[in-house]
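Secondary and tertiary structure notes
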Amino acid sequence: MAQAMRPNTATSLFATDGKPHPLQDTLLAITLVLGITAFVSAMFHNLHLLSSWTGLIGILTGAYGQFISETTRERTLLIIGLGASAVGFFLGMAHGGLFGGVVGG
């Protein structure tokens, strides 16, 4: 009756394999923080440098995190961070871009 005591993780959306994934979890946290920062700062026209750069870096970290992710939980949260990063990046590009407004020599 040991099988009756085991939780059924096959049907859970956030199933994990029970192993630690420090690199994947770090990339997940970085992508979510960058995505939230890019998304929120994109709502302000004068913060286009912040939103475009954090969005670009969030897209890159999220893409690499997707490449090496091992569980559904990681992939799900990475997609959320990637989406927020992409929205922030595109709105930041529309408001002035990566270097817009910076006066050169």
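Predicted model only: the values in this text are computed from it and were never measured. Note on numbering: residues in each chain are counted from 1, in written sequence order. Whole-chain, interface and lining totals are the exception, using all residues; otherwise, since this is a predicted model, local features are given only for residues with pLDDT of at least 70 and side-chain atom pairs are given and counted only at 80 or more. The side-chain numbers reported here are obtained from all heavy atoms of the structure, hydrogens and water having been left aside.

**Side note on a nonpolar patch on the surface**
The line we're drawing: Only residues whose relative accessible area exceeds 30% and that take part in no salt bridge are eligible for patches, with like-charged residues grouped when within 9 Å of each other and nonpolar side chains (Val, Leu, Ile, Met, Phe, Trp, Tyr) grouped when within 5 Å. Computed with the Shrake-Rupley method and a 1.4 Å probe, the accessible areas treat only the protein chains shown as cover for residues. The salt bridge criterion pairs a side-chain nitrogen of Lys or Arg with a carboxyl oxygen of Asp or Glu, the two atoms within 4 Å. Think of it this way: any DSSP run of H or I at least four residues long counts as a helix, any run of E at least two long counts as a strand, and we number them from the N terminus. Relative accessibility decides the category of a residue: with a 1.4 Å probe and only protein chains considered, values under 20% of the type maximum give buried, values over 50% give exposed, and everything between is partly exposed.
Judged by side-chain polarity, Ile-36, Phe-39, Val-40, Met-43, Phe-44, Leu-47, Leu-50, Val-87 and Leu-91 come together as a nonpolar surface patch covering roughly 750 Å² of accessible area. Among the elements of the structure, α2 (22-41) and α4 (72-95) are those that each provide at least two residues to the nonpolar patch. Looking at the nonpolar patch element by element, the count peaks at 3 residues for α2. Judged by its relative accessible area of 47%, Met-43 is partly exposed.

**A word on the side chain of Ser-69**
To keep things clear, this is the line we draw: What qualifies as a polar contact is a pair of N or O atoms within 3.5 Å, subject to a donor-acceptor requirement within protein and to the restriction that residues adjacent in sequence count only when both atoms come from side chains.
Looking at where Ser-69 falls in the secondary structure, it is placed in the loop between α3 (48-68) and α4. Here Ser-69 falls in the buried class, since its relative accessible area comes to 8%. In this structure the side chain of Ser-69 is engaged in a polar contact, spanning 3.2 Å, whose partner is the backbone oxygen of Gln-66.

**Remarks on α2**
Note the cut-off: Multiplying 1.5 Å by the residue count of a helix minus one yields the expected span of that helix. Any two residues having at least one pair of non-hydrogen atoms within 4.5 Å are treated as being in contact.
The end-to-end C-alpha distance of α2, which contains 20 residues, comes to 28 Å, matching closely the 28 Å that a straight helix rising 1.5 Å per residue would cover. The secondary structure elements touched by the buried residues of α2 are α3 and α4.

**Things to note about α4**
Over its 24 residues, α4 runs 35 Å from end to end, which matches the ideal 34 Å to within 8%, given 1.5 Å per residue. When α4 is considered as a whole, its buried residues turn out to be Glu-74, Leu-78, Gly-81, Leu-82, Ala-84, Ser-85, Ala-86, Gly-88, Phe-89 and Gly-92. Packing partners of the buried residues in α4 comprise α2 and α3.

**A few points about the packing of α2 against α3**
Which entries qualify depends on this criterion: Angular values range over 0 to 180 degrees, each being the angle between N-to-C directions of two axes fitted as lines to C-alpha atoms, with helices fitted over their stretch in contact. Orientation is classified from the angle alone, with under 35 degrees giving roughly parallel, over 145 giving roughly antiparallel, 65 to 115 giving roughly perpendicular, and any other angle giving oblique. For any helix crossing, the convention is left-handed if the near helix is rotated counterclockwise from the far helix by under a right angle, and right-handed if that rotation is clockwise. Under this grouping Gly is polar, as are all residues other than the nonpolar Ala, Val, Leu, Ile, Met, Phe, Trp, Tyr, Cys and Pro and the charged Asp, Glu, Lys and Arg.
It is the contact of α2 with α3, at a shortest axis distance of 8 Å, that shows an interaxial angle of 150°. Taken as axis vectors, α2 and α3 run roughly antiparallel relative to one another. Regarding α2 and α3, the two cross each other, and that crossing is left-handed. Across the interface between the two elements, Leu-23, Gln-24, Leu-27, Ile-30, Thr-31, Leu-34, Thr-37, Ala-38 and Ser-41 of α2 pack against Leu-50, Ser-51, Thr-54, Gly-55, Ile-57, Gly-58, Thr-61, Gly-62, Tyr-64, Gly-65 and Ile-68 of α3. In terms of residue class, the contact of α2 with α3 is made up of 9 nonpolar, 11 polar and no charged.

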